[in-house]
Amino acid sequence: MTQASQSESKLVSLLEAINTHVPSDSMVLLGAQLEQMIPFAAAHEILRQGRRNLTLVGPISDALFDQMIGAGSVARVMSAWIGNASEGLGSCFRRAVEQSQPNSIAVVDYTNFTLALALHAAALGVPFLPTYSAQGSEILKRNGNLREFASPVNEERLIAVRALRPDVAILHVQRADRFGNAHLWGSLGVAVDGARASRKVIIVAEEIVEPEVIASDPNRTVIPGFLVSAVVHEPWGAHPSPVLGYYGRDHEFFADYHERSRSAAGFDGWLKGWVLGVNGRVGYLAEIGGSRLASLAVKEHAYSAAADFGY
Amino acid sequence: MMVVAAAREIRDAELVFVGMRLPMLAFALAKRTHAPRAVALFENGVAREAPAAEMLRTMGDPANLRGATFCGTMLDVMGLLQQGRVQVGFLGAGEVDRFGNLNTTWGRRGSATIRLPGSGGGCDIACLAQRVVVLISHERSRLVERVEFLTSPGFGSGNGWRRAQGLPLNSGPSAIVTTKGVLRFGGDGEAFLASVHPGVSVEDVLDSTGWSVRVADNVAETPPPTEDEFAAIRTLDPDSFWTAA
């Protein structure tokens, strides 16, 4: 990456970011921060653009993977948990696995720790990392990316977790500058390794701020811009998941999705009403309505103390 | 009662790996009663000493992040777990068997086999926490002779199995807390009935368990919730969203 490219804005529309960087057949990392800051807006744009045959990677997925599977965009899932965190099972995931509806999918079961290690290995540039976890489990027997080996430094047996390098990571953040330097706070999950492990990174930000704002607090720059391919400004882009400092979790939206997705026909109606039949994210937010958004907005701000970088 | 019995498995000042749903409530209850210095770890990378100000639907709710002791990465907390520094971890399951093995991958609903969400961090906690406490509704179809799919290892097929697999010393299941009682584990790795909850008979437990479960000679009644425990649950879950059952 040259100095010159650093000075060029990477700010693009969500439509353009997905169109350029997430072709069909991609391996896509989503949901790196677990139940907060899930990139729903970006995932829904992937569905609107009709991408197919995707491999989804993520430790857990709070309804997002279920929606993408139900929409027929997914061929394979590499994950530790696929469902709806506050409501229970994922109905589209079940239909795909049990009945091959709308299509069959390959499920590569991980544990949270082993998936995090797979991304960490890629972030470190090594082919695998060792762990004691997963020993004795059926997951170990069925996941070819987890292999037993004899430790070279003592008499133990360990599990080698093969490095996993997604084609693109889509990460929702609180704020970024136009070059992709991103501030992110709250629980980080696998976002740090996910950004470094992936070949490309798309940043979706609640706010675009001047580079000076980001540079004022480099400890909070979890993702440096030189790793980033595209920056998208998409306020409310993680709804119905929460973004600390911006909005809370829309529990009812998850509950409604859970009910409506119980049947394939119900899911199709949901998908048309909230994704395929709306005019992009603008249409989605209009459908949600201002009063509902207002009810989710921050009630009471809680700012951290400023850190002094002076010397 | 299940939440109360689960909370009592936490000792003061312990590091506790908290899963989603009922374990969150059990931890909050323990903090407000007998274990005020316990520290909760969440797999999204959060450590918490102060209980969250409101009941959580997920570990990523803003109320679980604001006021946290620490917000880091998943590997930060999984590293503590793998070092053996986490004393107790809570897990739910579709099925648990007589050796404390858990299945959260494939379930049964009537005659149908259904796909469950999977391990999450469950297998990691089952492998690496010093003590694992399983929370499960007490039904014959869920407390089974042998799990259909071993997602998260307990004592495998009995004593010695965990070491043979390469799992750490000083790890493994400690208790199965159900809607009817508490099961603990003998030196042979097999679960036995240690106590029944108030109003539940030993016969009821035997009828509701999918294997001929051994009963402790001194099987007791689980002490009923104290005033303090009742009051804390009413505060934590005022709408009975989690404790209705």
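Everything below is about the structure printed above this text.
Residues numbered from 1 in each chain as written. Chains lettered and ligands numbered in written order. Predicted model: local features only at pLDDT ≥ 70, side-chain atom pairs only at ≥ 80, totals over all residues.

Draft legend 1. Here's a closer look at the overall build of chain A. For chain A, the helix and strand inventory stands at 13 helices and 13 strands. Summarising its shape, the C-alpha atoms of chain A cover approximately 60 × 55 × 35 Å along the three principal directions. Taken over 311 residues, chain A has a buried fraction of 52%. Contacts spanning at least 24 positions in sequence make up 74% of the contacts within chain A whose residues lie at least 6 apart. (Helix = DSSP H or I, 4+ residues; strand = E, 2+ residues; numbered from the N terminus. Buried ≥ 20, exposed ≤ 12 C-beta atoms within 10 Å, placed from the backbone. Contact = placed C-beta atoms within 7 Å.)

Draft legend 2. Here's a closer look at the overall build of chain B. Helix and strand content of chain B: 8 helices and 15 strands. Taking 2.2 N^0.38 as the reference for a compact globule, 245 residues should give roughly 18 Å; the C-alpha atoms of chain B span a radius of gyration of 17 Å, in line with that estimate. Overall, chain B is about 45 × 40 × 35 Å in size when its C-alpha atoms are taken along their principal axes. By sequence separation, contacts in chain B at least 24 residues apart represent 65% of the contacts at least 6 residues apart. (Rg over C-alpha atoms; globule rule 2.2 N^0.38 Å.)

Draft legend 3. Spatial organisation of the pairing of strand 5 (residues 88–92) of chain B. Residue and element names in this part refer to chain B. Of all the 5 residues making up strand 5, 4 are buried; the element is thus mostly covered by neighbouring parts of the structure. In this structure, strand 1 (residues 15–17) lies alongside strand 5, joined through 2 bridges in parallel fashion. By the bridge assignment for strand 5, F17 is matched with G89. Where strand 5 and strand 10 (residues 131–136) come together, 5 bridges link them in parallel fashion. Bridging across to strand 10, G92 finds its partner in L135. (Pairing = 2+ DSSP bridges.)

Draft legend 4. Seen up close, unusual backbone geometry. All names here are of chain A. Looking along the chain, the bond that leaves Q101 and enters P102 is cis, with omega of -5 degrees. Residue position: P102 is located in the loop between helix 5 (91–99) and strand 5 (106–109). Cis geometry is found at the peptide bond from H239 to P240, where omega equals 10 degrees. Tracing the chain through its elements places P240 in the loop between strand 13 (230–233) and helix 10 (251–260). One non-glycine residue, W236, lies in the positive phi region at around 65 degrees. With respect to the helices and strands, the residue W236 is situated in the loop between strand 13 and helix 10. Its 19 C-beta neighbours within 10 Å are what place W236 among the partly exposed residues.

Draft legend 5. Looking closely at the interface of chain B and chain A. Taken together, the contact pairs 44 residues of chain B with 50 residues of chain A. Looking at the side of chain B that touches chain A, the elements that each hand over two or more residues are helix 3 (62–65), helix 4 (74–83), strand 9 (112–115), helix 5 (122–128) and helix 6 (161–165) of chain B. Of the residues belonging to the side of chain B that touches chain A, the class tally is 20 nonpolar, 17 polar and 7 charged. (Nonpolar A, V, L, I, M, F, W, Y, C, P; charged D, E, K, R; others polar.)

Draft legend 6. Seen up close, the sheet that holds strand 11 (residues 143–144) of chain B. Residues and elements named next belong to chain B. With mixed pairing, the 3 strands of this open sheet are ordered in space as 7-6-11. Each edge of the open sheet is held by one strand with a lone partner, namely strand 7 (102–103) and strand 11. Pairing of strand 6 (residues 95–97) with strand 11 involves 2 bridges; the strand directions are parallel. Its bridge partner being in strand 11, V96 is matched across the sheet by L143.

Draft legend 7. Main features of the nonpolar core. Among the nonpolar cores identified, the biggest contains 170 residues, and A:I203, B:L29 and B:V134 are the most heavily contacted of them. Looking at this core element by element, the count peaks at 8 residues for helix 6 (residues 112–124) of chain A. (Core = buried A, V, L, I, M, F, W, Y, C linked by C-beta atoms within 7 Å.)

Draft legend 8. Structural detail: the sheet that holds strand 8 (residues 157–162) of chain A. All names here are of chain A. Ordered in space as 6-8-7, the 3 strands form an open sheet in which the pairing is antiparallel. Strands at the two margins of the open sheet, each flanked by one partner only, are strand 6 (128–131) and strand 7 (146–150). Taking each pair of neighbouring strands and ignoring which way they run, the sheet shows an average axis angle of 35 degrees. In the sheet, strand 6 pairs with strand 8 via 4 bridges, with the strands oriented antiparallel. By the bridge assignment for strand 8, T131 is matched with I159. Along the sheet face, helix 6 touches strand 6, strand 7 and strand 8 and points at about 145 degrees away from the line of strand 6. (Axes fitted to C-alpha atoms, helices over the stretch in contact; angles between N-to-C directions.)

Draft legend 9. Main features of the packing of helix 6 of chain A against helix 4 of chain B. Relative to each other, helix 6 of chain A and helix 4 of chain B sit at 120 degrees, their axes nearing to 10 Å. In terms of axis orientation, helix 6 of chain A runs oblique to helix 4 of chain B. The two elements helix 6 of chain A and helix 4 of chain B cross, and the hand of that crossing is left-handed. Residue-level contacts link A:N112, A:F113, A:A116 and A:H120 of helix 6 of chain A to B:M74, B:L75 and B:M78 of helix 4 of chain B. Residues that form the contact of helix 6 of chain A with helix 4 of chain B fall into these classes: 5 nonpolar, 2 polar and no charged. (Parallel < 35°, antiparallel > 145°, perpendicular 65-115°, else oblique. Left-handed = near helix turned anticlockwise from the far one by under 90°.)

Draft legend 10. Region of the structure containing the environment of B:R109. Residues and elements named next belong to chain B. Secondary-structure assignment places R109 in strand 8 (residues 106–109). Given 10 C-beta atoms within a 10 Å radius, R109 is considered exposed. R109 sits 32 residues away from S141 along the chain, and the two C-alpha atoms are 9.1 Å apart.

Draft legend 11. Representation of the pairing of strand 13 (residues 181–185) of chain B within the structure. Residue and element names in this part refer to chain B. Buried residues dominate strand 13, accounting for 4 of its 5 residues. Relative to strand 13, strand 12 (residues 173–178) runs antiparallel, the two being bridged by 3 bridges. Residue pairing in the sheet places I176 in a bridge with L183 of strand 13. The loop that links strand 12 with its antiparallel partner strand 13 comprises 2 residues.

Draft legend 12. Geometry of the environment of B:L236. Residues and elements named next belong to chain B. Along the chain, the position of L236 falls in helix 8 (residues 227–236). Using a count of 22 C-beta atoms within 10 Å as the deciding quantity, one classes L236 as buried. Counting along the chain gives 183 residues from L236 to A53, while the straight-line C-alpha distance between them is 8.8 Å. Aside from chain neighbours lying at most four places away, what touches L236 is L25, A28, L29 and M55.

Draft legend 13. Seen up close, the environment of A:W236. In this structure the C-alpha to C-alpha distance between A:W236 and A:M37, which are 199 residues apart in sequence, comes to 9.7 Å. For A:W236, the contacting residues outside a window of four places in its chain are A:Y247, A:L285 and A:L293.

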